[in-house]
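Commentary on secondary and tertiary structure
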Amino acid sequence: SVLLYQKPNRDICQSGTSLKIQCVADSQVVSMFWYQQFQEQSLMLMATANEGSEATYESGFTKDKFPISRPNLTFSTLTVNNARPGDSSIYFCSSNRQSSYEQYFGPGTRLTVL
Amino acid sequence: GDKVKQSPSALSLQEGTNSALRCNFSIAATTVQWFLQNPRGSLMNLFYLVPGTKENGRLKSAFDSKESYSTLHIRDAQLEDSGTYFCAAEAYQGGRALIFGTGTTVSVSP
């Protein structure tokens, strides 16, 4: 399996501010994925981040609002710009071993925007 | 509409009973994964399936790609089986990003 760590575990911020969520893998991985989960709902794929290239965003998510960096094979950062109460949700990073399609998830970052 | 739909949406079980969850795909799923999200929010990978079946302890899963569905059977339900079960299919052919199902919330009581 892949072990993924996220920081912070939770955050509360004011509307209009920006915050960063970090994801660290215990070994090198090719792709990292970011998902958003609103309370009592399913997970929605936001973007795919590969090392050294721009992240690929899904419909409804943009680089301006959710810039993602992937500076190396163990690390990724998701930024939430101009946070709004509607961004309040849990954000998960995930990945898989190169030889396997089984996907593993970080513990999630619970964001509350006031 | 939902590309990956799960049924039922919620399920109440007594300890020791058996049940089945279902996942229907309106996309051409080639593989499926099942996850359990516990009440604290952590996601655990239960199964990764190509067409066929797998068994792990009291859990058994099957995936029929031709009929576009997957099932997860829980045998002898225990309290720790409570949580939300999600199935997920690859978002893109050959890609590894996932489209998640709508989820089934399972509550096991004594």
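The structure displayed is predicted, hence computed values, not measured ones. (Residues numbered from 1 in each chain as written. Chains lettered and ligands numbered in written order. Predicted model: local features only at pLDDT ≥ 70, side-chain atom pairs only at ≥ 80, totals over all residues. Heavy atoms only, no water.)

**What to know about the overall build of chain B**
Counted only if it meets this: Runs of H or I in DSSP of at least four residues are treated as helices and runs of E of at least two as strands, each being numbered from the N terminus. Values of the radius of gyration come from C-alpha atoms, whereas the globule rule sets the reference at 2.2 Å times the count of residues to the power 0.38. Partly exposed describes any residue whose relative accessible area lies between the buried limit of under 20% and the exposed limit of over 50%, with all areas from a 1.4 Å probe on protein chains only and scaled to the type maximum.
When helices and strands are counted, chain B shows zero helices and 11 strands. Secondary structure elements in chain B, listed N-terminal to C-terminal, are β-β-β-β-β-β-β-β-β-β-β. Against the globule reference of 13 Å for 110 residues, chain B gives a C-alpha radius of gyration of 13 Å, in line with a compact fold. Once the C-alpha set of chain B is aligned to its principal axes, its extents read approximately 45 × 25 × 20 Å. Counting over 110 residues, chain B shows a buried share of 46%.

**What to know about the state of the cysteines**
Residues and elements named next belong to chain A. Stated formally: For the purposes of this analysis, a disulfide is any pair of cysteine sulfur atoms at a distance within 2.5 Å.
For the structure shown, the criterion picks out two disulfides over all chains. Between C23 and C93 runs a disulfide, and the two sulfur atoms are separated by 2.0 Å. Here C23 and C93 share a disulfide; its torsion about the S-S bond, 75°, makes the bridge right-handed. Remark: C93 occurs in strand 9 (residues 89-95) and C23 occurs in strand 3 (residues 19-25); sequence separation between them is 70 residues. Looking at C23, the relative accessible area reads 0%, which means it is buried.

**Considerations on the interface of chain A and chain B**
How we decide: What makes two residues a contact is simply this: any of their non-hydrogen atoms within 4.5 Å. As used here, buried area is the combined drop in accessible area, with a 1.4 Å probe, of two parts when they are placed together. The salt bridge definition used is simple: a Lys or Arg side-chain nitrogen within 4 Å of an Asp or Glu carboxyl oxygen. Polar contact criterion, stated in full: a pair of N or O atoms within 3.5 Å, where within protein one must be able to donate a hydrogen and the other to accept it, and residues adjacent in sequence count only if both atoms are side-chain atoms. Each residue gets one label: Ala, Val, Leu, Ile, Met, Phe, Trp, Tyr, Cys and Pro are nonpolar, Asp, Glu, Lys and Arg are charged, and the others, such as Gly, are polar.
Listed by partner, the interface residues are 20 residues for chain A and 20 residues for chain B. Three residues stand out in chain A for area buried against chain B, namely Y101(A), Q103(A) and F105(A), and they jointly supply 35% of the buried area on that side. Our enumeration of links across chain A and chain B arrives at zero salt bridges. Inspection of the chain A/chain B interface yields six residue pairs in polar contact (both at pLDDT 80 or more). Taken together, the elements giving at least two residues each to the side of chain A that touches chain B come down to strand 4 (31-37), strand 5 (43-50) and strand 10 (104-105) of chain A. Here the side of chain A that touches chain B is composed, by residue class, of eight nonpolar, eight polar and four charged.

**Some remarks on the sheet that holds strand 1 (residues 4-7) of chain B**
All names here are of chain B. Our working definition: Strands qualify as paired when DSSP identifies two bridges or more between them. Lines fitted to the C-alpha atoms define the axes, with helices restricted to the stretch that makes contact. Angles between their N-to-C directions range from 0 to 180 degrees.
Here five strands make up an open sheet; going across it, the order is 1-3-8-7-6 and the pairing antiparallel. Strand pairing shows two members of the sheet lacking a second neighbour, strand 1 and strand 6 (52-56), which therefore form its edges. For this sheet, the mean angle separating the axes of adjacent strands, direction not counted, is 15°. In terms of strand pairing, strand 6 meets strand 7 (residues 59-64) through five bridges, oriented antiparallel. Looking at strand 7, one finds that N56 is bridged to L59.

**Looking at the sheet that holds strand 8 (residues 75-80) of chain A**
All names here are of chain A. Spatially, the four strands line up as an open sheet ordered 1-3-8-7, and their pairing is antiparallel. Of all strands in the sheet, those bounded by a partner on one side alone are strand 1 (4-7) and strand 7 (68-72). Each adjacent strand pair in this sheet contributes to an overall mean axis angle of 20°, direction not counted. Bridge count for strand 3 against strand 8 is six bridges, and the pairing is antiparallel.

**Thoughts on the pairing of strand 7 of chain B**
Residues L59(B), S61(B) and F63(B) of strand 7 of chain B are buried on one face, while the alternating residues K60(B), A62(B) and D64(B), pointing to the opposite face, are not. Counted between consecutive antiparallel strands, the loop separating strand 7 of chain B from strand 8 (residues 69-74) of chain B contains four residues, among which S68(B) sits at a positive phi close to 60°.

**Topic: unusual backbone geometry**
The peptide bond linking K7(A) to P8(A) adopts the cis configuration, its omega dihedral lying at 0°. Note the cis peptide between S7(B) and P8(B), where omega equals -10°. Tracing the chain through its elements places P8(B) in the loop between strand 1 and strand 2 (10-14). Phi angles above zero are rare outside glycine, and S68(B) is one such case at about 60°. Its location among the elements puts S68(B) in the loop between strand 7 and strand 8. With relative accessibility at 22%, the residue S68(B) sits in the partly exposed group.

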